[in-house]
Amino acid sequence: MSESTESESRKLLGRLREALAEDSAGQERLDKITHLIASSMGTEVCSIYLFRDSETLELCATEGLKAESVHQTRLRVGEGLVGRVAKSSHIINTADAPKEKGFRYMPETGEEIYSSFCGVPIQRLGENLGVLVVQSKEARDFSADETYALEVVAMVLAEMTELGAFVGEHDAMQARHRQSVLIKAGSAQEGTAEGHVWLHEPRVVVTNPIADDPETELKRLDEAVDTLRVGVDKMLEGAAGGDKEQLQVLEAYRMFANSKGWMKRMQSDIARGLSAEAAVEKEQSTARARMEQVTDAYLRERLHDLDDVSNRLLRILTGQGAQTGAELPADPILVARNIGPGELLEYGRSLRGIVLEEGSVGSHAAIVARALAIPLIIHADRITTEALNGDHIMVDGDQGIVHLRPDETVVNAFRDKIAMQAEAQERYASIRDKPATTLDGVTMSLTMNAGLMADLPSLEGSGAEGVGLFRTELQFLVRSQMPKRSELSALYARVMDAAKGKRVVFRTLDIGSDKVLPYMTPEDEPNPALGWRAIRVGLDKPGVMRMQLQALLRAANGRPLSVMFPFIAQYEEYTRAVWEMEKAKERERKLGHPLPEKLDLGAMLETPSLGFAPQKFFDEVGFLSIGGNDLKQFFFAADRENERVRKRYDTLNVSFLTFLEGIVARCNHNATPLSFCGEDAGRPLEALCLAAMGLRTLSMRPASIGPVKNLFRRVNLAEVRQVIIEARDQGEQSVRKPVKDYLAAQGIIV
Ligand code: PEP
Ligand code: MG
């Protein structure tokens, strides 16, 4: 690129800046800008098209086309050359526009006399804002220098659009981020919430896209990249020997931070007149546009990494950290691309809901969201681009829908839904201290699942009889290093204190599969769900389990203690786990510490095999808890993490219910206490059918206790059982419909 073209480009940007600095209306500014660009590039036409809605572009200003077509000419995305530029985010540069694929002649513009066409997307961080076009009569291709100059100008236009420089009365010139947006996403935790957006990583605002002095900007960029490199190297040192995936990401960061090509492109952008931060953002926008088009998962990840690195660099350049000084709203709904469990816990109970652009049902964040009992939306496409701090937002975790800046009708309908749920909550509160007894006199025991200290207040509020499942792995997952025995024992003691004598069943560490500790090298397994997890890890490498058992004994400090072992697939695993507990007791006794006055040991039944264990196992085990989430995935061979299959088989499938019935029979035979603690226990219809199969203790999310108890108190369980048996005899695949129909006939809608 010659120095003269660089200085031409800088001159044009300088003029643009002057035009933008003038105190004029948005339309006037756009008109002036099209004039400036056309004269600087020596073209007869320069036009700016902006989006009036997500599907339609509108001609908002032109030099050269007929003035009456402004705000009249509209194109759909993909329609004509302009629409194609918007759709593909690629430049179209042609000497003979009418011959170009997709050309569409707009008669009202008078453009038929212009042969050459060059259209450049106006985009900012993956968001398409419009198209910048130049046209001329002379049939010629625009040179690489010229298209580059247009790209730089388009970048400045995008920044200025974002900053509201072109706001006017037409729809296409409305201030950005004002329209309401509906996002259909996935749900990882049910519930509804209304509140205001709190961006976990607020976007960096670039207020000075044009710079006078390239030397200064180049120096700023150099210094910032140096700081970036040092920072990435430090992160790499800190992560050495740790999680492989994290290391891979950091290696990618380092690669980008040292990439000569990336640096060179940003240097050229600066030479053209952009400020250092605008140059970073220009390259980031290009990467985001590519990300939208790339389907290869690995490449997408790498483009994400480049995006992260660009964000870091922007924060260094602008000095804008995550702390913007903005105050957390009173009703915050967290919006992020993704978030770790530790960060989420730091927000704690202040959050009303969470919306993630990525995320997964089984992620640690999802586990924490479940513990916090707040709705969690995942795969909310583009939410971090669309949402601004403080935006009004409504989250429907039941349907997996997000309403951003909703209009009045949506707000009203949504509030009706929340009000109905609140009414139901009041109804549940009124039966909180009443028993879960059915019309025919069967009393169910309803307990809650927990995993954090933050869960314990729910014990009283929900009316749960105790904690049927305390997932101890959460304390391990939210830390960056292995917790110490003293820390764990203090925590378990606090849990028991908070339970005020109610029973708490502690499950020993259940890691592996989807739950990978940040400080343990993950095993490279072909199928982690069927791999080295839970009790298998505990028995093969007993150090951690021993430490945990000791912490539990110490926390009990003489009080009764209940402990269960996860994922027991065969009798011998249980006896070995019990032996570990015996050894731990022995050690404690020797140390002179008091032992629990009663020690109740049990197993989780999460694999079908345990349902067929020898009689001796059922004789010996203190109690059994069915981990329905895992049991169901193995029973149907359908991965609970796999969106494609996880909802394919109904829990109320007669095969599954019959299997559960068999387990109940074996436990009844021996009077072995049995409970069910998978997610299904908290779904009223499912809970009812589990009870009809003979289960008498269910452990669930605290928020589910009210609805489940409310249903139990209104039904005759023997009749429900009869409906199930008849449906099974008639060869129904699932009893869902027959039971629902039966309930509806009783006036009960579930
Ligand atoms: C289960 O598998 O049902 C269970 C309760 O354990 P988790 O969901 O923690 O695997
Ligand atoms: Mg499980």
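Here goes a summary of the coordinates provided.

Tallied over the full model, the rule gives 53 salt bridges. Glutamate 138 serves as the salt-bridge partner of arginine 140, at 3.9 Å between the closest nitrogen and oxygen. With relative accessibility at 53%, the residue glutamate 138 sits in the exposed group. Measuring nitrogen to oxygen at the nearest pair gives 3.2 Å for the salt bridge that ties aspartate 233 to arginine 254. Of this pair, aspartate 233 sits in helix H5 (residues 214-239) while arginine 254 is found in helix H6 (residues 244-257), placing the two residues 21 residues apart along the sequence. Its relative accessible area of 31% is what places aspartate 233 among the partly exposed residues. Three or more residues joined by partner-sharing salt bridges are found here, namely Arg124, Glu159, Glu162 and Glu281.

Attention now moves to the state of the cysteines. This structure, assessed with the given rule, holds 0 disulfides. With no disulfide partner, cysteine 46 has as its closest neighbouring cysteine sulfur the one in cysteine 118, 11 Å distant. In this structure cysteine 46 comes out as buried when scored by relative accessible area, which is 0%.

Every one of the 14 residues lining ligand 1 counts as a neighbour, but Arg471, Arg507, Gly627, Asn629 and Arg640 are closest to it. With respect to ligand 1, the side chain of arginine 507 contributes an N or O atom lying 2.8 Å from an oxygen atom. One nitrogen or oxygen atom from the main chain of aspartate 630 is found 3.0 Å from an oxygen atom belonging to ligand 1. Within the complex, 98% of the 290 Å² of free accessible area of ligand 1 lies under protein. Put simply, the parts of the chain that give the shell around ligand 1 at least two residues each are strand S17 (467-471) and helix H22 (628-635). With 3 residues, the top contributor of residues to the shell around ligand 1 is H22. Of the residues contributing to the shell around ligand 1, the split by class is 3 nonpolar, 4 polar and 7 charged.

Moving on, we get to helix H24 (residues 684-692). Counting buried positions over the 9 residues of H24 gives 8, a clear majority of the element. Where H24 is concerned, the buried positions are Leu685, Glu686, Ala687, Leu688, Cys689, Leu690, Ala691 and Ala692. At the exit of H24 stands glycine 694, carrying a positive phi of roughly 110°.

What counts, and at which threshold
- Residues numbered from 1 in each chain as written.
- Chains lettered and ligands numbered in written order.
- Predicted model: local features only at pLDDT ≥ 70, side-chain atom pairs only at ≥ 80, totals over all residues.
- Heavy atoms only, no water.
- Salt bridge = Lys/Arg side-chain N within 4 Å of Asp/Glu carboxyl O.
- Buried < 20%, exposed > 50% of the residue type's maximum accessible area, 1.4 Å probe, protein only.
- Helix = DSSP H or I, 4+ residues; strand = E, 2+ residues; numbered from the N terminus.
- Disulfide = S-S within 2.5 Å.
- Near = heavy atom within 4 Å.
- Polar contact = N/O pair within 3.5 Å; in protein donor to acceptor, adjacent residues only side chain to side chain.
- Areas by Shrake-Rupley, 256 points an atom, 1.4 Å probe, with all protein chains shown as cover.
- Nonpolar A, V, L, I, M, F, W, Y, C, P; charged D, E, K, R; others polar.

Shape descriptors only; they carry no functional weight alone.
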